[in-house]
Amino acid sequence: MTQPLTRDRAHAAIRTALRGFATEADLEALDPGENLREVFELDSLDFLTFVERLSGDLGTRIEEADYAKLSTLDSATEFLLARG
């Protein structure tokens, strides 16, 4: 039986998916409401890489229609928690 996704696990998955685009210090200083694409200057390809990493880590498919829900740490966390 799979454990339900927790807020801490969702945060960790998001931070892991952002590695390579941001330093650990940048990730620790991130305001949960800041736009991830703007803060880390993610272009379309970078954002797609982030989504693919996140999908792979959590074993869930994220549709293009849901990309807007991944705009901030808070919104991405809530989206992931709602998906379970």
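Up top you'll find the structure we're talking about.
What counts and what doesn't
- Residues numbered from 1 in each chain as written.
- Predicted model: local features only at pLDDT ≥ 70, side-chain atom pairs only at ≥ 80, totals over all residues.
- Heavy atoms only, no water.
- Salt bridge = Lys/Arg side-chain N within 4 Å of Asp/Glu carboxyl O.
- Buried < 20%, exposed > 50% of the residue type's maximum accessible area, 1.4 Å probe, protein only.
- Phe/Tyr/Trp six-rings, centres within 6.5 Å; stacked < 30°, edge-to-face > 60°.
- Helix = DSSP H or I, 4+ residues; strand = E, 2+ residues; numbered from the N terminus.
- Lys NZ or Arg CZ within 6 Å of the ring centre and 35° of its normal.

Chemist: Before we go on, may I ask you to explain the pattern of salt bridges in this structure?
Modeler: Side chains bearing opposite charge may pair, as long as their charged atoms lie close to each other. According to the stated counting rule, one finds 5 salt bridges in the structure shown. The shortest N-O distance in the salt bridge between Glu 24 and Arg 19 comes to 2.4 Å. A relative accessible area of 40% places Glu 24 in the partly exposed class. The exposure class assigned to Arg 19 is partly exposed, which follows from its relative accessible area of 38%. A salt bridge links Glu 63 to Arg 61, with the nearest nitrogen and oxygen atoms 2.9 Å apart. Looking at Glu 63, the relative accessible area reads 37%, which means it is partly exposed.

Chemist: What should I look at first to understand the packing of aromatic side chains in this one?
Modeler: The way to describe two aromatic rings as a pair is by their centre distance and the angle between their planes. A full pass over the atoms with the stated rule returns 2 aromatic pairs. Pairing Phe 47 with Phe 50 gives two aromatic rings, centres 5.7 Å apart and planes at 50 degrees, and the pair type is tilted. Highlighted residues: Phe 47 and Phe 50, both in helix H4 (residues 44–58), separated by 3 residues, approximately one helical turn. Summarising the burial analysis for this pair, Phe 47 and Phe 50 share the class buried. Ring centres of Phe 47 and Tyr 67 lie 5.7 Å apart, and the angle between their planes is 70 degrees; this geometry places the pair in the edge-to-face category. Of the two residues, Phe 47 sits in helix H4 while Tyr 67 sits in the loop between H4 and helix H5 (73–83), which places them 20 residues apart along the sequence. Grouped by ring-pair contacts, the aromatic residues Phe 47, Phe 50 and Tyr 67 constitute a single cluster. Against the face of Phe 47 rests Arg 37, its NZ or CZ located 4.6 Å from the ring centre.

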